[in-house]
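Here are the chains, one letter per residue:
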Amino acid sequence: MKGIVSICCFFSLLVLALAEEEVEDVLSHILRDRSHIDETLRLASEENAAENYHAAIQKLRKIYHSAIKPMEQAYKYNELRAHEISGTGRALGDSATLPYGEITSKPMVLFLGPWSVGKSSMINYLLGLKDSPYQLYTGAEPTTSEFTVIMHGEKTRSIEGIVMAADSSRSFSPLEKFGQSFLEKLIGIEMPHKLLERVTFVDTPGIIENRKQQERGYPFNDVCQWFIDRADLIFVTFDPTKLDVGLELEMLFRQLKGRESQIRIILNKADNLATQDLMRVYGALFWSLAPLINVTEPPRVYVSSFWPFDYAPDTSRELFKREEISLLEDLNQVIENRMENKIAFIRQHAIRVRIHALLVDRYVQTFKDKMSYFSDPDLVFKEIVDDPDKFFIFKSILAKTNVSKFDLPNREAYQDFFGVNPIGSFKSLSAQCSYSGGCLLDKIEKAITSELPGLLSSINPGKAPPGLSSCEATGCGDKPKNRYRKN
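None of the values given here were measured: they were computed from a predicted structure. Residues take numbers from 1 onward in each chain, read along the sequence in its written order. Note on the predicted model: pLDDT of at least 70 is required for a residue's local features to be given, and 80 or more for side-chain atom pairs to be given and counted; whole-chain, interface and lining totals, by contrast, use all residues. Computation of side-chain values: all heavy atoms of the structure, hydrogens and water removed.

A. Region of interest: the packing of helix α14 (residues 377-386) against helix α16 (residues 411-420). Running from N to C, α14 and α16 point in directions that differ by 155°, and their axes come no closer than 9 Å. One element, α14, and the other, α16, form an angle in the roughly antiparallel class. On α16, the residues that touch Phe 381, Val 385 and Asp 386 of α14 are Tyr 414, Gln 415 and Phe 418. Ten residue types, Ala, Val, Leu, Ile, Met, Phe, Trp, Tyr, Cys and Pro, are classed as nonpolar, four, Asp, Glu, Lys and Arg, as charged, and the remainder, Gly among them, as polar. Residues belonging to the contact of α14 with α16 are distributed by class as follows: four nonpolar, one polar and one charged. All axes are obtained by fitting lines to C-alpha atoms, using only the stretch in contact for helices, and the reported angles, taken between N-to-C directions, cover 0 to 180 degrees. In this description a helix means any DSSP run of H or I spanning at least four residues, a strand means any run of E spanning at least two, and both kinds are numbered starting from the N terminus. Orientation is classified from the angle alone, with under 35 degrees giving roughly parallel, over 145 giving roughly antiparallel, 65 to 115 giving roughly perpendicular, and any other angle giving oblique. In what follows, a contact means two residues having at least one pair of non-hydrogen atoms within 4.5 Å.

B. The arrangement of the environment of Ile 343 in detail. You can see Ile 343 is positioned in helix α13 (residues 338-370). Along the backbone, Ile 343 and Ala 56 are 287 residues apart, and their C-alpha atoms lie at a distance of 9.4 Å. Residue contacts for Ile 343: discarding those within four places in its chain leaves Leu 60, Leu 452, Leu 455, Leu 456 and Ile 459.

C. Spotlight on the pairing of strand β5 (residues 200-203). With burial as the criterion, each face of β5 is covered, one bearing Thr 200 and Val 202 and the other bearing Phe 201 and Asp 203. When DSSP finds two or more bridges between two strands, those strands count as paired. The pairing of strand β1 (residues 108-112) with β5 spans four bridges and is parallel. Counted as the bridge partner of Leu 110 is Val 202 from β5. For strand β2 (residues 147-152) and β5, the ladder comprises three bridges, and the chain directions are antiparallel. Bridge pairing in β5 places Ile 150 opposite Phe 201. Three exposure classes are used, based on accessible area relative to the maximum for each residue type with a 1.4 Å probe and protein chains only: buried under 20%, partly exposed in between, and exposed over 50%.

D. Representation of the nonpolar core. For this analysis, a nonpolar core means a set of buried residues of the types Ala, Val, Leu, Ile, Met, Phe, Trp, Tyr and Cys, connected via side-chain atoms within 4.5 Å. In terms of nonpolar packing, the biggest core is built from 52 residues, with Met 71, Tyr 363, Tyr 414 and Phe 418 touching the most fellow members. In this view, Met 71 contacts Val 353, Ala 357, Leu 429, Leu 440, Leu 441 and Ile 444; residues no more than four positions away in its chain are not counted. If you look at the next biggest cluster of nonpolar residues, it comprises 47 residues, including Met 151, Leu 183, Val 236 and Leu 285.

E. Fine view of the packing of aromatic side chains. Here a pair means two rings of Phe, Tyr or Trp (six-membered ring of Trp) with centres within 6.5 Å. Their orientation is stacked below 30 degrees between planes, edge-to-face above 60, and tilted elsewhere. A complete count under the given rule lists 25 aromatic pairs for this structure. Measuring from ring centre to ring centre gives 5.0 Å for Trp 226 and Phe 227, while their planes differ by 85°; the resulting arrangement is edge-to-face. Taken together, the aromatic side chains of Tyr 75, Tyr 363, Phe 367, Phe 381, Phe 394, Tyr 414, Phe 417, Phe 418 and Phe 426 make up a single cluster linked through ring pairs. Over a ring means this: the NZ of a Lys or the CZ of an Arg is within 6 Å of the ring centre and within 35 degrees of the ring normal. Over the face of the ring belonging to Phe 426 we find Lys 76, whose NZ or CZ atom lies 5.7 Å from the ring centre.

None of the figures reported here should be taken as evidence of function without further support.
What follows is the structure, encoded as structure tokens:
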């Protein structure tokens, strides 16, 4: 009799357990409400803002092509390798001349992190791609082996990497330098989505600690650096079960140095843990990342579960939703500041071009002053390039302008620069003037001090224009006279 009762109890417990599993399975497949995403990102009220944005972009392009690009070309700024210029902020790739796509490109949000931490699921959730033909494939195993760029288009379609690199209207043509093996691992997805009208998402292959770079067939870290340099927001995502830090992850955080303001740490899949366990994992994540992020203020860590399904029962639902909204507000801030950031970026680029032109002008003037009838031009110029401090080339720029010494390029960069470009191929700044067009230096100075700040104030009519009209902020100095005009 006791045996029969035991068997009945066992089957009763088994039925209850199966019922609970079915309930949990049903709960896990209830789709979460996404209305707060549209509200926080203000996707419904973007028509007028989009028109203003496109008008500002056209003005910015005009300023660049009329005032900045001529100086770039005259003094071959694209030959000065971007990584050798201190304080550049955002790298420009092999060519420092800005392509069309660099000016018109939308803010880029980059997703980085170990494999299977929910990067692709997060993109699917933000864009509402669940059960659509173009939802990114997800799973418990490493699933993303390509760099996937999700961007806006008139119709939904996928684009091969070789096509993306060949299209000059986009900003991905510099990726050709990483070779055909990489372009085969690059894919673009276009779709008509309100959010993608304002931002571009980039999903990356997950970091696998036991995999060597050579096994990927392309320079993985170099490609990551290219995207990091251009990203406006970087989501570094972690899973509570993958907090160990290996060599690949250490290398990634070394590449993120200097970009701390763009980094957001995400502890994903948080509803898989009880509250007490989640607190322990949160502390462990801080402990693991502390040696890698060398900043006085700890990074912001967002704790939630970013996927389309409802949170697991008996978890901190309200906390997770508040964290999610906070992250969306961060994303919205980047999107709303996209025009201001672009103008500031172009202005910073113009200042670097101007400094480069002033330095080349000083090299040209010094070379002319030191040359005599019996001098060997090669030996004279070699002496100047090898020891520019002896001739006060860099110090003269600092003395006659308000340029910071931290904004000057490395001296060694000009040894390479003049090794490729003979000094005789450059004119002095005073010769870069015409009767109808004026002086190149005047044009770029006007762009830096008035046109770009004026454009910035026009898109923020409620704000006073920044005080950039004086030479204090731009490093104005000696201005060459236009020999074609009467003074």
